[in-house]
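Spelled out from the first residue to the last, the chains are:
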Amino acid sequence: MRIVHAAVTGCLVLATGACGTGGVTHPAVRAPGTAGDASRPRTVLGRMDGLPDGFFSHARAPWRPPFRPRTRACRLLFDAAAGRPPREGLSGTTAATYQGVHAGELAGVGVAVYDGGEAAGHLAVLRDALSHCATADGGTPYDRLAAARTPLPGIGGAGAAGRALSGRVGGYPYRMHMVVARSGHTLIALVHAGLTPPDPARTAELTRLLVREVGTLDA
(Lines give C-alpha, C1' and ligand atoms only; values in the text may rest on other atoms or scores of the structure.)
Protein backbone atom coordinates (compact mmCIF):
# COMPACT_ATOMS: atom_id res chain seq x y z
CA MET A 1 0.00 0.00 0.00
CA ARG A 2 2.81 2.40 0.80
CA ILE A 3 4.45 1.65 -2.55
CA VAL A 4 1.21 2.36 -4.44
CA HIS A 5 0.64 5.57 -2.48
CA ALA A 6 4.19 6.76 -3.18
CA ALA A 7 3.87 5.99 -6.88
CA VAL A 8 0.58 7.88 -7.20
CA THR A 9 1.92 10.84 -5.26
CA GLY A 10 5.10 10.97 -7.32
CA CYS A 11 3.14 10.88 -10.57
CA LEU A 12 0.94 13.78 -9.53
CA VAL A 13 3.85 15.82 -8.21
CA LEU A 14 5.57 15.46 -11.56
CA ALA A 15 2.39 16.10 -13.53
CA THR A 16 1.53 19.30 -11.70
CA GLY A 17 4.99 20.78 -11.45
CA ALA A 18 5.29 20.79 -7.65
CA CYS A 19 8.64 19.03 -7.65
CA GLY A 20 12.11 20.48 -7.88
CA THR A 21 14.04 22.74 -5.58
CA GLY A 22 14.55 25.65 -7.92
CA GLY A 23 13.50 29.05 -6.71
CA VAL A 24 10.87 31.35 -8.12
CA THR A 25 11.34 32.33 -11.72
CA HIS A 26 10.72 35.98 -12.40
CA PRO A 27 9.32 36.65 -15.85
CA ALA A 28 9.02 40.38 -15.15
CA VAL A 29 7.41 42.28 -18.00
CA ARG A 30 7.39 45.99 -18.66
CA ALA A 31 4.74 47.50 -20.90
CA PRO A 32 6.02 50.22 -23.24
CA GLY A 33 6.07 53.64 -21.64
CA THR A 34 5.56 52.50 -18.05
CA ALA A 35 7.66 53.80 -15.19
CA GLY A 36 6.83 51.35 -12.36
CA ASP A 37 9.33 49.00 -10.76
CA ALA A 38 8.59 45.76 -12.58
CA SER A 39 10.77 43.78 -10.16
CA ARG A 40 8.55 44.42 -7.14
CA PRO A 41 6.06 41.53 -7.65
CA ARG A 42 8.83 38.94 -7.28
CA THR A 43 9.73 40.18 -3.80
CA VAL A 44 6.19 39.51 -2.55
CA LEU A 45 6.15 35.80 -3.34
CA GLY A 46 9.74 35.39 -2.24
CA ARG A 47 9.06 36.58 1.30
CA MET A 48 5.67 35.02 2.03
CA ASP A 49 5.17 34.70 5.78
CA GLY A 50 2.10 33.37 7.55
CA LEU A 51 1.17 30.65 5.05
CA PRO A 52 -1.57 28.34 6.36
CA ASP A 53 -0.40 25.38 8.44
CA GLY A 54 0.80 22.55 6.25
CA PHE A 55 2.44 24.68 3.56
CA PHE A 56 6.19 24.98 3.18
CA SER A 57 7.28 28.61 2.96
CA HIS A 58 10.05 27.91 0.45
CA ALA A 59 8.87 29.22 -2.91
CA ARG A 60 9.35 26.81 -5.80
CA ALA A 61 9.20 27.25 -9.55
CA PRO A 62 5.91 28.51 -11.05
CA TRP A 63 3.01 26.10 -11.34
CA ARG A 64 2.94 24.06 -14.53
CA PRO A 65 -0.59 23.12 -15.59
CA PRO A 66 -0.85 19.31 -15.83
CA PHE A 67 -2.49 19.64 -19.26
CA ARG A 68 -3.56 22.31 -21.74
CA PRO A 69 -7.33 22.82 -21.43
CA ARG A 70 -9.25 22.77 -24.67
CA THR A 71 -11.64 25.55 -23.65
CA ARG A 72 -10.40 29.14 -23.81
CA ALA A 73 -11.97 30.08 -20.46
CA CYS A 74 -10.04 27.38 -18.61
CA ARG A 75 -6.83 28.21 -20.48
CA LEU A 76 -7.04 31.85 -19.37
CA LEU A 77 -7.28 30.77 -15.73
CA PHE A 78 -4.54 28.14 -15.92
CA ASP A 79 -2.24 30.61 -17.69
CA ALA A 80 -2.80 33.35 -15.10
CA ALA A 81 -1.91 31.03 -12.22
CA ALA A 82 1.17 29.84 -14.11
CA GLY A 83 2.54 33.38 -14.52
CA ARG A 84 1.11 34.16 -17.96
CA PRO A 85 -1.58 36.77 -17.19
CA PRO A 86 -3.37 39.08 -19.64
CA ARG A 87 -0.72 41.42 -21.07
CA GLU A 88 -2.56 44.65 -21.79
CA GLY A 89 -1.24 47.30 -19.38
CA LEU A 90 1.04 44.79 -17.66
CA SER A 91 4.04 46.29 -15.86
CA GLY A 92 5.31 43.33 -13.82
CA THR A 93 4.51 39.71 -13.11
CA THR A 94 5.87 36.68 -11.28
CA ALA A 95 4.67 33.27 -10.13
CA ALA A 96 5.57 30.59 -7.59
CA THR A 97 4.42 27.28 -6.13
CA TYR A 98 4.16 26.37 -2.45
CA GLN A 99 4.05 22.70 -1.58
CA GLY A 100 1.62 21.30 0.97
CA VAL A 101 1.89 18.27 3.22
CA HIS A 102 -1.00 16.29 1.74
CA ALA A 103 -0.61 13.93 -1.22
CA GLY A 104 0.27 15.99 -4.29
CA GLU A 105 -0.91 19.20 -2.60
CA LEU A 106 0.30 22.52 -3.95
CA ALA A 107 -0.66 26.17 -4.17
CA GLY A 108 0.26 27.79 -7.47
CA VAL A 109 0.22 31.61 -7.41
CA GLY A 110 0.46 34.15 -10.21
CA VAL A 111 0.76 37.87 -9.42
CA ALA A 112 0.51 40.61 -12.05
CA VAL A 113 0.76 44.39 -11.62
CA TYR A 114 -0.98 46.70 -14.09
CA ASP A 115 -0.92 50.38 -14.91
CA GLY A 116 -4.04 52.49 -14.52
CA GLY A 117 -7.30 50.61 -14.11
CA GLU A 118 -6.46 47.56 -16.21
CA ALA A 119 -6.38 45.21 -13.21
CA ALA A 120 -10.09 45.68 -12.57
CA GLY A 121 -10.89 45.00 -16.21
CA HIS A 122 -8.77 41.88 -16.34
CA LEU A 123 -10.32 40.63 -13.09
CA ALA A 124 -13.75 40.95 -14.71
CA VAL A 125 -12.51 38.86 -17.65
CA LEU A 126 -11.13 36.15 -15.35
CA ARG A 127 -14.30 36.12 -13.25
CA ASP A 128 -16.25 35.54 -16.45
CA ALA A 129 -13.81 32.77 -17.37
CA LEU A 130 -14.49 31.12 -14.01
CA SER A 131 -18.20 31.03 -14.74
CA HIS A 132 -17.57 29.44 -18.15
CA CYS A 133 -14.87 26.94 -17.10
CA ALA A 134 -17.35 24.16 -16.42
CA THR A 135 -15.01 21.45 -17.71
CA ALA A 136 -11.23 21.58 -18.07
CA ASP A 137 -9.93 18.70 -20.15
CA GLY A 138 -6.98 17.86 -22.32
CA GLY A 139 -8.95 15.85 -24.80
CA THR A 140 -8.67 12.51 -22.98
CA PRO A 141 -10.64 10.88 -20.14
CA TYR A 142 -7.38 10.72 -18.16
CA ASP A 143 -7.13 14.53 -17.89
CA ARG A 144 -10.56 15.91 -17.13
CA LEU A 145 -11.78 18.18 -14.34
CA ALA A 146 -15.41 19.25 -14.02
CA ALA A 147 -17.00 21.95 -11.90
CA ALA A 148 -17.90 20.71 -8.42
CA ARG A 149 -20.50 21.96 -5.97
CA THR A 150 -17.94 22.69 -3.25
CA PRO A 151 -18.55 26.25 -1.99
CA LEU A 152 -15.58 28.57 -1.43
CA PRO A 153 -16.89 30.98 1.22
CA GLY A 154 -15.04 33.89 2.78
CA ILE A 155 -12.41 34.23 0.06
CA GLY A 156 -12.25 38.00 0.55
CA GLY A 157 -10.64 40.69 -1.54
CA ALA A 158 -11.96 43.10 -4.09
CA GLY A 159 -14.29 41.10 -6.33
CA ALA A 160 -12.63 37.78 -5.47
CA ALA A 161 -14.25 34.68 -6.96
CA GLY A 162 -13.51 30.97 -6.99
CA ARG A 163 -14.53 27.65 -8.45
CA ALA A 164 -13.91 24.05 -7.42
CA LEU A 165 -13.04 21.40 -10.02
CA SER A 166 -12.80 17.66 -9.54
CA GLY A 167 -11.96 14.71 -11.74
CA ARG A 168 -8.75 13.08 -12.90
CA VAL A 169 -5.22 14.13 -13.84
CA GLY A 170 -3.04 11.48 -15.44
CA GLY A 171 -5.84 9.05 -14.65
CA TYR A 172 -5.66 9.66 -10.90
CA PRO A 173 -8.37 11.35 -8.79
CA TYR A 174 -7.63 15.06 -8.44
CA ARG A 175 -9.27 18.13 -6.90
CA MET A 176 -8.62 21.79 -7.60
CA HIS A 177 -9.74 25.19 -6.33
CA MET A 178 -9.25 28.12 -8.70
CA VAL A 179 -9.44 31.68 -7.34
CA VAL A 180 -9.00 35.13 -8.85
CA ALA A 181 -8.77 38.33 -6.83
CA ARG A 182 -7.43 41.88 -6.96
CA SER A 183 -5.69 44.31 -4.62
CA GLY A 184 -5.47 47.78 -6.14
CA HIS A 185 -3.46 47.54 -9.37
CA THR A 186 -2.48 43.92 -8.73
CA LEU A 187 -4.22 40.81 -10.06
CA ILE A 188 -3.93 37.46 -8.26
CA ALA A 189 -4.61 33.98 -9.63
CA LEU A 190 -4.43 30.99 -7.30
CA VAL A 191 -4.67 27.24 -7.82
CA HIS A 192 -4.93 25.06 -4.69
CA ALA A 193 -4.93 21.42 -5.72
CA GLY A 194 -4.04 17.87 -4.79
CA LEU A 195 -4.97 14.21 -4.63
CA THR A 196 -6.59 14.92 -1.28
CA PRO A 197 -9.52 17.35 -1.71
CA PRO A 198 -8.23 20.85 -0.82
CA ASP A 199 -9.70 22.43 2.30
CA PRO A 200 -11.86 25.43 1.28
CA ALA A 201 -10.94 27.19 4.53
CA ARG A 202 -7.24 26.96 3.68
CA THR A 203 -7.91 28.17 0.14
CA ALA A 204 -9.71 31.20 1.57
CA GLU A 205 -6.87 31.80 4.05
CA LEU A 206 -4.33 31.68 1.23
CA THR A 207 -6.32 34.17 -0.81
CA ARG A 208 -6.71 36.62 2.07
CA LEU A 209 -2.97 36.41 2.77
CA LEU A 210 -2.12 37.08 -0.87
CA VAL A 211 -4.52 40.02 -1.09
CA ARG A 212 -2.99 41.49 2.05
CA GLU A 213 0.61 40.95 0.92
CA VAL A 214 0.27 42.27 -2.63
CA GLY A 215 -1.44 45.38 -1.25
CA THR A 216 2.08 46.61 -0.49
CA LEU A 217 2.74 46.93 -4.23
CA ASP A 218 0.46 49.97 -4.35
CA ALA A 219 2.22 51.63 -1.41
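Residues numbered from 1 in each chain as written. Predicted model: local features only at pLDDT ≥ 70, side-chain atom pairs only at ≥ 80, totals over all residues. Heavy atoms only, no water.

(A) Helix α3 (residues 72–81), seen in detail. A large share of α3 lies buried, amounting to 7 of its 10 residues. What α3 keeps buried is the set Ala-73, Cys-74, Leu-77, Phe-78, Asp-79, Ala-80 and Ala-81. Looking one or two residues beyond α3, the residue adopting positive phi is Gly-83, at roughly 95 degrees. (Buried < 20%, exposed > 50% of the residue type's maximum accessible area, 1.4 Å probe, protein only. Helix = DSSP H or I, 4+ residues; strand = E, 2+ residues; numbered from the N terminus.)

(B) Quick peek at the nonpolar core. Trp-63, Leu-77, Ala-136, Leu-145, Met-176 and Met-178 are the most contacted members of the largest nonpolar core, which has 32 residues in total. Excluding residues within four positions of it along the chain, Ala-136 makes contact with Phe-67, Pro-69, Cys-74, Phe-78, Asp-143, Arg-144, Leu-145 and Leu-165. Counting residues in hydrophobic clusters, the runner-up holds 22 residues, among them Leu-51, Val-109, Val-111 and Val-179. (Core = buried A, V, L, I, M, F, W, Y, C linked by side-chain atoms within 4.5 Å. Contact = heavy atoms within 4.5 Å.)

(C) Representation of the state of the cysteines. Going through the model one piece at a time under the given rule, you end up with 1 disulfide. Disulfide pairing places Cys-74 opposite Cys-133 at an S-S distance of 2.0 Å. Across the S-S bond linking Cys-74 and Cys-133, the dihedral sits near 110 degrees, which makes this disulfide right-handed. Of this pair, Cys-74 sits in helix α3 while Cys-133 is found in the loop between α4 (118–132) and β3 (135–140), placing the two residues 59 residues apart along the sequence. (Disulfide = S-S within 2.5 Å.)

(D) Structural detail: the pattern of salt bridges. Within this structure, the stated rule accounts for 4 salt bridges. Residue Asp-137 pairs with Arg-70 through a salt bridge whose shortest N-O separation is 2.7 Å. One end of the pair, Asp-137, is in strand β3; the other, Arg-70, is in the loop between α2 (40–46) and α3, and 67 residues separate them in sequence. In this structure, the salt-bridge partner of Arg-84 is Asp-79, at a minimum N-O distance of 3.1 Å. Taking relative accessible area as the criterion, Arg-84 reaches 45% and is therefore assigned partly exposed. (Salt bridge = Lys/Arg side-chain N within 4 Å of Asp/Glu carboxyl O.)

(E) How the structure looks around the packing of α3 against α4. Viewed as axis vectors pointing N to C, α3 and α4 meet at an angle of 125 degrees, and their least axial separation amounts to 8 Å. Put simply, α3 runs oblique to α4. With respect to the hand of their crossing, α3 and α4 are arranged in left-handed fashion. Here Ala-73, Leu-76, Leu-77 and Ala-80 of α3 come into contact with α4, specifically with Val-125, Leu-126, Ala-129, Leu-130 and His-132. Residues belonging to the contact of α3 with α4 are distributed by class as follows: 8 nonpolar, 1 polar and no charged. (Axes fitted to C-alpha atoms, helices over the stretch in contact; angles between N-to-C directions. Parallel < 35°, antiparallel > 145°, perpendicular 65-115°, else oblique. Left-handed = near helix turned anticlockwise from the far one by under 90°. Nonpolar A, V, L, I, M, F, W, Y, C, P; charged D, E, K, R; others polar.)

Scope: geometric values only; no functional claims are made or implied.
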